[in-house]
Amino acid sequence: MMSLAETPMQRERAQTIYEKSKPGRRAAVLPEAEVPETPLDELIPAALLRSEPPRLPEVAEPEIVRHYNRLSRRNFDLDTGFYPLGSCTMKHNPRLNERVAALPGHARLHPAQDPSRAQGALELMWLLQRSLAEICGLPHVSLQPSAGSHGELAGLLLTRAFHADRGEERTKVLAPDTSHGTNPATVTMAGYEVVKVATNERGGVEIDDLREKVSEDVACLMLTNPNTLGLFDENIAEIAALIHEVGGTLYYDGANLNAVMGHSRPGDMGFDIVHVNLHKSFSQPHGGGGPGAGPIAVSERIEPFLPRPQVVRREGENGGAPFFDLDHDRPQSIGRLRGFQGNFGVFVRSYAYILSLGADGLAEASETAVLNANYLKARLAQGRAGERLPVAFDRHCMHEFVLSGKPMKRDLGLATLDLAKRLLDYGFHPPTVYFPLLVDEALMVEPTETETKESLDAFAEAIEQILAEAEKDPEIAKQAPYTTPVRRLDEVKATRKPVVRQPL
Amino acid sequence: MLAAIGVDSVADLFEQVPEPLRLGRSLELPAGMSEAGVYERLAALAARNADAEEEVCFVGAGMYDHYVPAIVDAITQRSEFLTPYTPYQPEISQGGLQAMFEFQTAMSELTGLPVSNAGLYEGPSSVASAGYLAIGATGSRRFVVSRGVHPHSRETLATYAVGFGAEVVEVGLEGGVTDAAALAEAVDGETAAVILQSPNFLGAVEDVEALGAAAKEHGALLVVAADPMTLGILRPPGEQGADVALGEGQPLGNRLDFGGPSFGFFCATEELIRRMPGRIAGETDDVDGRRGFVLALQTREQHIRREKATHNICTAQALNALGAMIHLAWLGREGFRELGELLARRTAYARERLAAVDGVELLHEAPVVREFAIRLEAPVERVLATVAAERGIAAGYPLGREYPEHEDGLLVAITERRTRAQIDALAEAIGAAVAESGAIVGNSATKAPEGVG
Amino acid sequence: MADASYPDDLRYHPEHDWARIDGEEATFGITWYAQDSLGEVVFYDPPEVGATIAKDAAYAEVESVKAVSDVIAPLSGEVVAVNEGLADAPERVNDDPYGEGWLVRVRLTDQAEVEGLLGAADYRDLLDS
């Protein structure tokens, strides 16, 4: 059995900043008033004033820094170790991007600044739009959506506007059974009904099933290509034709764009609307759950409906320099999806990334992502992993692949969850588990291009060791992890009696 | 590596891409650049923006030039917070999860409502998200929204409402605040939510409790958008009957960044917890009894609930919410209150100074905290251009585009960075620009009545 | 409940629900297999009293930490009672799926439907297949 002596971090019990609070302590020194200190209730009626300030913690600055620094060390992060979360594209986040995003010209620019005095920002957005258009193979781009899901919603609202413009009211949206949860969730928010399309044995869309479900009541088909199994759908041209024949739109979830940048373009595959996750393929740091951005690229026929405002480039007067502007005059636009222009700070970082890599660098990134995934898949096809964690679809993958833990469960009594928890002790972030739903005991692995061969080998070796260990004693993994700041947590308790704030 | 895979070249791995779909050429993008080269290029772009270091910023409209303390960056730039993703493996994400829990507690305190999520994208789309929640909670599909709510929020709500199949009814303002009679008239038994903002877009503090009575009467949810920086001194929405309190979080710990990334905060009553959008961190214990945190109530979310999820959100704005928490901890209980008082006093001073300027009038006299609206007897855009060019001041947000009835209106915002001297300079600059404009255009700088040549 | 059990006095629906017939009324719940597959139940979302439920259609939801499951009505009827106790103690569905873990009580609208349900032995066979 594993030694259960507590690690130093485990001995240090979680204490919130509120519990470190002592009345009278304080970090902030505020500026002098400089103006008359009129009693508040002479400025604002007492009935509209708070009687007690909110119970924020009272701590001095060194305490705050120490608290959050110590807290940060209870996190595993990408800068520290391998993080092969499928479909999240955890690639390295270059620090240059932070430096340029922090330039005051970007960071301290008010979004409502007059466009004539924000030309640098608007030009940057326009240049990013052009770059994404070229990468996606679709001419028109809106940077407004704040995340992939937001882009998906934009896409379906654009679809709705497109059909309404033709006097049609359609009610259904098709999505494969392997689709990411955001797809069906978005379908409902956009007022449509989800219809699932089956997956064939090659891992692609089951064409016969699609043919049966396609009709003039179908507004759109939402796909990701390569799909969540990491496989390029070789029938994509036929799929696009089927949808277009009945007048539907074809939507591309760009979560897996990292596989094809510079090699194949969703616009060329026949997609009408594409969202791109800047926090995936374009190196925006994941931030523990955002910020990101989900800009959309669309075909000519969808362009009139793009969100408002659009960043445009206007010709200079009298042959002068071109002028970048926010165009609000878009009568057919679906309107706004959020305030101001979008997550500009994310645009700065992504644009810096695109400039850094350039045309060939982006193509190389995708190539290396695909190489790394296939190599890791090949390593895991050997030894114990090959037997206990077979790949779900036996063909070359693209940038990610899915393994099934079904034999491992059957033969060793270990669930994919247990393998994941034991990987934590080995210093790795586990792959995505239990997704896609199509595969039993799924393990979705996406190494990305910024991992060395040594890193991939180390991961494969860890899996091998865990499986060997489990052959002798499956209990080890079942009780794992042992070395993390906390061990397995009681999620049932957390959900039955939710405690979502500190009682004060 | 190729040998291990069993192929001769990487190109073999791309064979699954049908030949006609292979790009077959380089992307038409410039070649990659050195780090220094990229830096120079981005710096050159940045240099063409008149940011708040170049032009004294009195522009608000939802995002404000507050002073963000240095420790926010020092902490949010740490690899451990910057580079992980959503805490799906809680054992190695206690840092992020506990930070969310602390943030949720803070926002709950600010709004006076017991439940907070870990954040949404930003303010206006959070209003739309509240609309979605209200539809689920009431079964009705009609929203009544005050024109005091941020125009971007109203526009976003209208966009989302098309997908919801919901009707949006707007109620006007009177004297700078929501017309109470018109609101009461507009709310009916089919209303899912009444949506207000306080302080409203024109800076006025609204009597949310009184206005909210109409919602209560008809079983509609009361949704209140608030400026978080004012919640140190204003009575919180939760104490005024709000079912949902939300808003733009940027003033807390986040830069202007030309409009994003920031975050939206979203708080609600206990009854609505299962309808909440977004991530929620919850407290629990591990197998050895150690205190820890996990993502709670995940069955609400898209990755489990799919088409029946309370929202489609996945990636949110976690790092920005962390920045907010650090800023709030830095201000602390007393500091936060003091900052609110400082804002209110400086704003009162600014409002008085500007009202005393020739050619300037207050647009309304409702109580304000940190932003107020004035009327200019000169074309607003011209005054703004003059003041910027000649004095290096961004004087405010022109109201005309979104409030055609206030074509002569200007919204002026105050933060703790706006010193008395800067406020005096603003008043002087506007006065001069209005006078100059009047001298050119003649005595009346207002629009000629229709039909007059 | 630790061991699988399928009481003989109940009737079973292939979607893993049981019915206890009591004259014109019946009580419904989910079987041992269903609660075992779901894991620890954390939340029960019941229908309203007075609601009409239809055989083979979903009438409620049961949630574990990581999954949501539709509960299928074995028979048609009008809901006369809902197990309020599950709001505070949803784990009763796991601990006592046929007793304290009952979900709804209905007034049956079509007695003939009862014939279509499986007996305990047939349900056990279905599970083994």
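Keep in mind that this is a model prediction, so the values were computed, not measured.

**Topic: the environment of Gln-341 of chain A**
So, step 1. Note on placement: Gln-341 of chain A falls in the loop between strand E9 (323-327) and helix H12 (344-380).
So, step 2. Here the alpha-carbon distance between Gln-341 of chain A and Met-189 of chain A, two residues 152 residues apart in the chain, equals 22 Å.
So, step 3. Contact partners of Gln-341 of chain A, with chain neighbours within four places excluded, come to Pro-111, Met-125, Gln-144 and Leu-326 of chain A together with Phe-258 and Gly-259 of chain B.

**Notes on the interface of chain A and chain B**
So, step 1. Taken together, the contact between chain A and chain B spans 169 residues of the former and 169 residues of the latter.
So, step 2. When residues of the side of chain A that touches chain B are assigned to their parent elements, the largest contribution, 22 residues, is made by H12 of chain A.
So, step 3. Of the residues contributing to the side of chain A that touches chain B, the split by class is 85 nonpolar, 48 polar and 36 charged.

**Notes on the domain arrangement of chain A**
Residues and elements named next belong to chain A.
So, step 1. Segmenting chain A into domains produces domain 1 (8-72), domain 2 (137-353) and domain 3 (359-491).
So, step 2. The distance between the C-alpha centroids of domain 2 and domain 3 comes to 30 Å.
So, step 3. Grouping the constituent residues of the side of domain 2 that touches domain 3 by class yields 7 nonpolar, 9 polar and 2 charged.

**Observations regarding the sheet that holds strand E4 (residues 218-223) of chain A**
Residue and element names in this part refer to chain A.
So, step 1. Here we have 7 strands laid out as an open sheet, ordered E1-E7-E6-E5-E4-E2-E3, and mixed in their pairing. Single-partner strands in this sheet number two, and they are strand E1 (140-142) and strand E3 (193-197). Here the average twist between neighbouring strands, direction ignored, is 25°.
So, step 2. Note: strand E5 (residues 249-253) against strand E6 (residues 273-275), 3 bridges, orientation parallel. Each residue of the ladder has a partner; that of Tyr-251, found in E6, is Ile-273.
So, step 3. In this fold helix H8 (residues 182-189) packs onto strand E2 (172-176), E3, E4 and E5, with an angle of close to 175° to the strand it touches most, E2.

**Description of the pairing of strand E9 (residues 104-108) of chain C**
Residue and element names in this part refer to chain C.
So, step 1. Only one face of E9 is buried: it carries Val-104, Val-106 and Leu-108, and the other face, with Arg-105 and Arg-107, is open.
So, step 2. Direction of pairing for strand E8 (residues 77-82) relative to E9: antiparallel, over a ladder of 5 bridges. Among the inter-strand pairings, Gly-77 is bridged to a residue of E9, identified as Leu-108.

**Examining the packing of H12 of chain A against helix H16 (residues 453-472) of chain A**
Residue and element names in this part refer to chain A.
So, step 1. The contact between H12 and H16 brings their axes to 10 Å, and the two run at 30°. Taken together, the axis directions place H12 and H16 in an arrangement best described as roughly parallel. Taken as a pair, H12 and H16 cross one another with a handedness that is right-handed. On the side of H12, the interface is formed by Asn-372, Tyr-375, Leu-376, Arg-379 and Leu-380, while H16 contributes Leu-456, Asp-457, Phe-459, Ala-460 and Ile-463.
So, step 2. Its residues assigned to classes, the contact of H12 with H16 shows 7 nonpolar, 1 polar and 2 charged.

**Some remarks on the sheet that holds E9 of chain C**
So, step 1. With antiparallel pairing, the 6 strands of this open sheet are ordered in space as E1-E2-E3-E9-E8-E5 (chain C). Edge strands, defined here as strands with exactly one partner in the open sheet, are strand E1 (11-13) and strand E5 (52-53) of chain C.

**Concerning the interface of chain C and chain A**
So, step 1. Taken together, the contacts link 4 residues of chain C with 4 residues of chain A.
So, step 2. Residues belonging to the side of chain C that touches chain A are distributed by class as follows: 3 nonpolar, no polar and 1 charged.

**Examining the confidence of the model for chain B**
Where the model shows low pLDDT, its predicted coordinates should not be examined in detail.
So, step 1. Residues at a pLDDT of 70 or more form 97% of chain B, whose mean pLDDT is 95.
So, step 2. Confidence metrics for the complex model read pTM 0.96 and ipTM 0.97.

**Re the nonpolar core**
So, step 1. With 316 residues, the main nonpolar core has Val-194, Val-223 and Ile-430 of chain B as its most contacted residues.
So, step 2. When residues of this core are assigned to their parent elements, the largest contribution, 22 residues, is made by H12 of chain A.
So, step 3. Apart from residues no more than four positions distant in its own chain, Val-223 of chain B is found in contact with Ala-130, Ala-134, Ala-193, Val-194, Ile-195, Ala-242, Asp-243 and Val-244 of chain B.
So, step 4. Core analysis: the second largest hydrophobic core is formed by 31 residues, Ala-26, Val-41, Ile-53 and Val-62 of chain C among them.

**Brief notes about helix H12 (residues 318-355) of chain B**
For an α-helix the count is 3.6 residues per turn, leaving residues at separations of three or four pointing the same way.
Residues and elements named next belong to chain B.
So, step 1. Here H12 spans only 41 Å end to end across 38 residues, well under the 56 Å set by a 1.5 Å rise per residue.
So, step 2. The sharpest bend along H12 reaches about 95° and sits at Gly-332.
So, step 3. When you tally the buried positions in H12, you get 33 out of 38 residues, the bulk of the element.

**Quick word on the pairing of strand E12 (residues 291-295) of chain B**
Residue and element names in this part refer to chain B.
So, step 1. For E12, the buried fraction is high: 4 of the 5 residues fall into the buried class.
So, step 2. Examined bridge by bridge, strand E11 (residues 281-285) and E12 share 5 bridges and lie antiparallel to one another. Across the sheet, residue Gly-282 finds its bridge partner in E12, namely Val-294.
So, step 3. A loop of 5 residues connects E11 with E12, the two strands running antiparallel in sequence, and Gly-289 in this loop sits at a positive phi of about 85°.

Quick notes on the rules
Along each chain, numbering runs from 1 in the same order as the chain's sequence is written. Naming scheme: in the order in which they are written, chains are lettered from A and ligands are numbered from 1. Local features in this predicted model are restricted to residues whose pLDDT is 70 or higher, and side-chain atom pairs enter the listing and the counts only when it is 80 or higher, whereas totals over whole chains, interfaces and linings include all residues. Starting at the N terminus, helices and strands are each numbered in turn, a helix being any DSSP run of H or I of at least four residues and a strand any DSSP run of E of at least two. We call two residues in contact whenever the C-beta atoms placed from their backbones are within 7 Å. Three classes are used: nonpolar for Ala, Val, Leu, Ile, Met, Phe, Trp, Tyr, Cys and Pro, charged for Asp, Glu, Lys and Arg, and polar for all others, with Gly counted as polar. As used throughout, domain bounds are those supplied by an automatic or database domain assignment. Strand pairing follows a simple DSSP-based rule, namely that at least 2 bridges must link the two strands. Convention adopted: a line fitted to C-alpha atoms gives each axis, helices being fitted over their contacting stretch, and angles between N-to-C directions are expressed from 0 to 180 degrees. Exposure criterion: with C-beta atoms placed from backbone coordinates, a residue whose C-beta has 20 or more other C-beta atoms within 10 Å is buried, one with 12 or fewer is exposed, and one in between is partly exposed. For classification, angles of less than 35 degrees are called roughly parallel, those exceeding 145 degrees roughly antiparallel, those between 65 and 115 degrees roughly perpendicular, and all remaining angles oblique. Two helices crossing with the near one rotated counterclockwise from the far one by less than a right angle form a left-handed crossing, whereas a clockwise rotation gives a right-handed crossing. Per residue, pLDDT measures the predictor's confidence, with a range of 0 to 100. The term nonpolar core refers to a group of buried residues, namely Ala, Val, Leu, Ile, Met, Phe, Trp, Tyr and Cys, whose C-beta atoms join them within 7 Å. To estimate the expected span of a helix, count its residues, drop one, and scale the result by 1.5 Å. To get the bend at a given residue, fit one axis to the seven residues ending there, fit another to the seven starting there, and take the angle between those axes.

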